[in-house]
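# Architecture and fold: a report
Okay, here's what each chain looks like letter by letter:
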Amino acid sequence: MLTVEAFSLNIMIAALVPLLGAFTLLFLFIFEKRIDLLEKKTREIALERELQTALYNQLNQEIQPHFFFNTLNSILSLARLDRKTELIRSIETLSKLLKFKYQTNNTFITIDEEITYVNYYLEIQKIRFRDRLHYEFSIDPNVNQAITIPFIIQTFIENAFKHSFERYVGEAFLKTTIEKRDKDIHITVWNNAVEGAEELSRERGLGLVNITKRLELLFPDGKTSVQLINSDNGTSVLAIFPFILSSEI
Amino acid sequence: MKKNDYQLYISGAIKLGVSFGVVSLLARWVTGNTILSSPETLIKYGLIGGIGYSLVGALSSILFGFLAKKIRENHPGQHTIGDVLRQKLTPNGYWLMLTVLILTSFHSLFVQAMGAGILIQMIFPIPYFIGLLLFLTFCFFIGGAGGMQRLHQVAGVNVTLIFAAVIIIPVYFYIQEGVYPVYDGIKLYHPYLLYIKNTDAFWFIFTAIFVFFGQILIDRASWQRMFIIQKEKVQLTFTLTGLIWATIPLALSSLLMITIFGRSFENVYSLFSELVNRIQSSILIVLFVVFVFSSIASALSAELHATTTLFVKNIMEMFFTLTNDEKWKYTYLFSGAVCLCLLVIVSILTPSPLTLLFFTGNIYAAVISPILYIILSKGVLPFIVPFSSFIGAIGGYIFVTRTEDFKGIWLSFTISTVLCLLVLIYKTITRKNIKLL
């Protein structure tokens, strides 16, 4: 049998808990939007900071005198050989490449935009490497409007040039695959193993830390990963992140 | 989105955050059942039963929150339970499950309307038919024709009234009467309410887990709300809804003790008219009456909206390609017809207290395992999975004629669970064999 004390306690709880429920709801109504806004702001700030670092790294790594002078020399040779159409095309591409690089301040872009940028870069590299360079893209048409972080594929491709194609002579094969698997996007950039190349995975792996961090920040609730896979016939980098269309943002 | 777009009727214009999500779910789940079952639970199973009823309700919502997160991840872009079932079941299985959903919807709508009928008869001096007609017309305009946006507007008012009533009235009474006289009165007239070692109450709580969880698992309105709550907030919303909901039957039980202490009563439903008679302040009488009718109206409107959506989107559209205007036309026709049927049925059957607790318990217990299997598995499931719920429910009903209610419910759950497990084992073995080959 319930004692009078226990009964009183029960009545007290029964009469007071709805008050607690009402206060919780009231608190949520007043502060939910503010908490959301704060979370969003914190994430945006972190993402922007990482993007700045990425931009800095990009500029440092890519617009290095080596790449720039080689490109200019290649363009100069086109002028000397009087190959006007190719000359105009290469200057135009270089201009677009630099424009994209300096103007991208967004924390995310579509895969379509990233591919356009990567194409400019590869066109320039094609002027430099000529018949040595062979590249191909395999892109699932459903992912074109999905979002990603800027310079993700660009960084992978640049790494391939920096650590493999530019250091060693021989044929350079590059293959980029972008596909949708379940609810994720898988980006793979593969380059062939060049004869005489040393194991540089550690050095390359360090360059991927920034990408991993930025993916985690852009997709805080999703599964993200960046892996460097070495095999006998080449090296590939695989990035996995959730499939989200730009229209859903 | 255009103003007359049918999608607006199904989902409303915005994604809900935690606060609006909780309000919308509370408006759905504080129903005539919650209000009318509270006295029944209290009288049948004592204070322990009343507390257990609240806790089990909370637990069911919390458990559904875990599943809701998974459903949202696995089925993006869906809007109703029917959409998910269509993806996961064969055509026969899909139609079987839709039949179960429609039947439980109609039963639930009928119980709400009957509850409203009983209360109108008890509380208002106006003719019973007129009262019910006004009530159902209101529900038609909110849930049937108004859509999700209108439901949300009413939900805010409804939840405010719920909290105003369940906070103010018990506090007012206990301050006026004091706890000691209530305790003494109950000890004298209804000592069974105070027994703690009440095994029946524990069996009741144990069985209620199956019934409540099954009920929320196939609740059309909860599924619809799950799809319009922001994805990352779905689980938190259901958890908070469960915890906040639990406070309401608790407060209602404490309120009912005021009515029964120191005297006997006719039947559990007469407690409400006695409560109204006992409330001295006219403001509190108005508050209590408005709270009761607003709760039943919002729950009935939410059910009506979900059932209409299920009918137009998951039944009509399977046979015909409907334009936007046609969808609206069928929505008005279907919800109007449902309201009319409810009016006729409830008017013909003189409102009489129903056995609310666990009346459809067998069906709810039997659907748990098949629905869990549907939610947690990958790929299309064979017909036997949804059919196991039918076998389980029938098995339980046959058994219930020979024995007490609870065992029938456990049996329904066991039959469908065993069948689903057999399918799972069979599928696992055959898949392994295929791999080995």
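Residues numbered from 1 in each chain as written. Chains lettered and ligands numbered in written order. Predicted model: local features only at pLDDT ≥ 70, side-chain atom pairs only at ≥ 80, totals over all residues.

### What to know about the overall build of chain A
Along its length, chain A carries seven helices and seven strands. For chain A, the sequential pattern of α-helices and β-strands runs α-α-α-β-α-β-β-α-β-β-α-α-β-β. The buried share among the 249 residues of chain A stands at 27%. For chain A, the proportion of contacts with a sequence separation of at least 24, taken over those separated by at least 6, is 77%. (Helix = DSSP H or I, 4+ residues; strand = E, 2+ residues; numbered from the N terminus. Buried ≥ 20, exposed ≤ 12 C-beta atoms within 10 Å, placed from the backbone. Contact = placed C-beta atoms within 7 Å.)

### Observations regarding the overall build of chain B
When helices and strands are tallied, chain B shows 17 helices and zero strands. Computed over the C-alpha atoms, the radius of gyration of chain B is 22 Å, within 12% of the 22 Å expected from 2.2 N^0.38 for a compact globule of 437 residues. In chain B, which comprises 437 residues, the share counted as buried stands at 52%. Put simply, of all contacts in chain B between residues at least 6 apart along the chain, 83% involve residues at least 24 apart. (Rg over C-alpha atoms; globule rule 2.2 N^0.38 Å.)

### Quick look at unusual backbone geometry
Residue and element names in this part refer to chain A. Phi at Arg130 is positive, roughly 50 degrees, even though this residue is not glycine. Take Arg130: it is sitting in the loop between helix H4 (111–129) and strand S2 (133–139). Residue Asp182 is not a glycine yet carries a positive backbone phi of 55 degrees. Turning to its location among the elements, Asp182 is positioned in the loop between strand S4 (172–181) and strand S5 (184–192).

### Observations concerning the packing of helix H9 (residues 199–217) of chain B against helix H15 (residues 361–376) of chain B
Residues and elements named next belong to chain B. Direction vectors running N to C along H9 and H15 enclose 65 degrees, while the axes themselves pass 7 Å from each other. Overall, the two elements H9 and H15 adopt an arrangement that is roughly perpendicular. For the pair H9 and H15, the crossing hand works out as left-handed. The residues of H15 that touch H9, namely those facing Phe210, Val211, Phe213, Gly214, Gln215 and Leu217, are Gly361, Tyr364, Ala365, Val367, Ile368 and Ile371. (Axes fitted to C-alpha atoms, helices over the stretch in contact; angles between N-to-C directions. Parallel < 35°, antiparallel > 145°, perpendicular 65-115°, else oblique. Left-handed = near helix turned anticlockwise from the far one by under 90°.)

### Some remarks on helix H3 (residues 32–74) of chain B
Helix length check: H3 of chain B (43 residues) gives 33 Å between terminal C-alpha atoms against 63 Å at 1.5 Å per residue, more than 12% under. Of all 43 residues making up H3 of chain B, 31 are buried, and the element is well covered by its neighbours. (Expected span 1.5 Å × (residues − 1).)

### Looking at the interface of chain B and chain A
The partner chain A presents 21 residues to the 26 residues of chain B that form the contact. Counting residues per element, the ones that place at least two in the side of chain B that touches chain A are helix H2 (18–29), helix H7 (148–177), helix H8 (179–189) and helix H11 (234–260) of chain B. Among the elements that take part in the side of chain B that touches chain A, H11 of chain B stands out by supplying eight residues, more than any other. Across the side of chain B that touches chain A, the residue classes tally to 20 nonpolar, five polar and one charged. (Nonpolar A, V, L, I, M, F, W, Y, C, P; charged D, E, K, R; others polar.)

### Let's talk about the environment of Thr116 of chain A
Residue and element names in this part refer to chain A. Mapped onto the elements, Thr116 comes out in helix H4. Taking the C-beta count within 10 Å as the criterion, Thr116 has 13 such neighbours and is therefore assigned partly exposed. Distance in space between the C-alpha atoms of Thr116 and Lys96 is 9.9 Å, their sequence separation being 20 residues.

### Structural notes on the UniProt feature "transmembrane region" (unreviewed entry) in chain A
Look at the UniProt record and you will see "transmembrane region" (unreviewed entry) annotated at residues 6–31 of chain A. Regarding residues 6–31 of chain A, the helix share stands at 100% and the strand share at 0%, and the terminal C-alpha atoms are separated by 36 Å. (UniProt positions renumbered as here; feature names shortened; annotations may be inferred.)

### Some points on the nonpolar core
Grouped together as the largest cluster of nonpolar side chains are 148 residues, with contacts concentrated most on Val22, Leu26, Cys139, Ile162 and Val367 of chain B. In terms of residue count, H11 of chain B provides more of this core than any other element does, 15 residues in total. What Ile162 of chain B contacts, discounting residues up to four positions off in sequence, is Val30, Ile248, Phe291 and Ser295 of chain B. Phe161, Ile178, Leu217 and Ala239 of chain A belong to the second-largest nonpolar core, a separate cluster that totals 37 residues. (Core = buried A, V, L, I, M, F, W, Y, C linked by C-beta atoms within 7 Å.)

### Here we look at the pairing of S4 of chain A
All names here are of chain A. Looking at chain direction, S2 and S4 are connected through seven bridges and run parallel. If you follow Leu133 over to S4, its bridge partner there is Ala172. Relative to S5, S4 runs antiparallel, the two sharing eight bridges. Bridging across to S5, Ile178 finds its partner in Ile187. The antiparallel hairpin formed by S4 and S5 contains two residues in its connecting segment, where Asp182 sits at a positive phi of about 55 degrees. (Pairing = 2+ DSSP bridges.)

### Points about the sheet that holds S4 of chain A
Residues and elements named next belong to chain A. Spatial strand order, S2-S4-S5-S7-S6: five strands in an open sheet with mixed pairing. A strand with exactly one partner marks an edge of an open sheet, and here the two such strands are S2 and strand S6 (225–231). On average, each strand axis in the sheet is tilted by 10 degrees relative to the strand beside it, whichever way the strands run. Contacts between helix H5 (residues 152–165) and the sheet are confined to S4, S5 and strand S7 (234–242), with S5 contributing the most and set at about 15 degrees to the helix.

### Some points on the environment of Val179 of chain B
Take Val179 of chain B: it is sitting in helix H8. Judged by the 19 C-beta atoms lying within 10 Å of it, Val179 of chain B is partly exposed. In this structure, the C-alpha to C-alpha distance between Val179 of chain B and Phe110 of chain B, residues 69 residues apart in sequence, is 38 Å. In this structure, Val179 of chain B is in contact with Phe7, Ser8 and Ile11 of chain A together with Tyr174 of chain B, ignoring residues within four places of it in sequence.

### A few points about the confidence of the model for chain B
Confidence in the prediction for chain B averages 83 pLDDT; 93% of positions are at 70 or higher. Both scores are given for the predicted complex: the pTM is 0.74, the ipTM 0.80. (pLDDT = per-residue confidence, 0-100.)

### Observations regarding H7 of chain B
Counted at 1.5 Å a residue, the expected span for H7 of chain B with its 30 residues is 44 Å, and the 43 Å between its end C-alpha atoms agrees. After H7 of chain B finishes, the residue Gly178 of chain B shows a positive phi value of roughly 85 degrees.

### As for the packing of helix H5 (residues 91–123) of chain B against helix H14 (residues 324–348) of chain B
Residue and element names in this part refer to chain B. In contact at an axis separation of 10 Å, H5 and H14 are set at 55 degrees when each is read in the N-to-C sense. Comparing the axis directions of H5 and H14 gives the class oblique. Crossing hand, H5 versus H14: right-handed. Every residue of H14 that contacts H5 at Leu109, Phe110, Ala113, Met114 and Gly117 is listed here: Val338, Leu342, Ile345 and Val346. Taken together, the residues of the contact of H5 with H14 break down into eight nonpolar, one polar and no charged.

### Looking at the pairing of S5 of chain A
Residue and element names in this part refer to chain A. The alternating pattern of S5 places Ile185, Ile187, Val189 and Asn191 on a buried face and Asp184, His186, Thr188, Trp190 and Asn192 on a face that is not buried. Alignment of S5 against S7, held across nine bridges, turns out to be antiparallel. Within S7, the residue paired with Ile187 across the bridge is Ala239.

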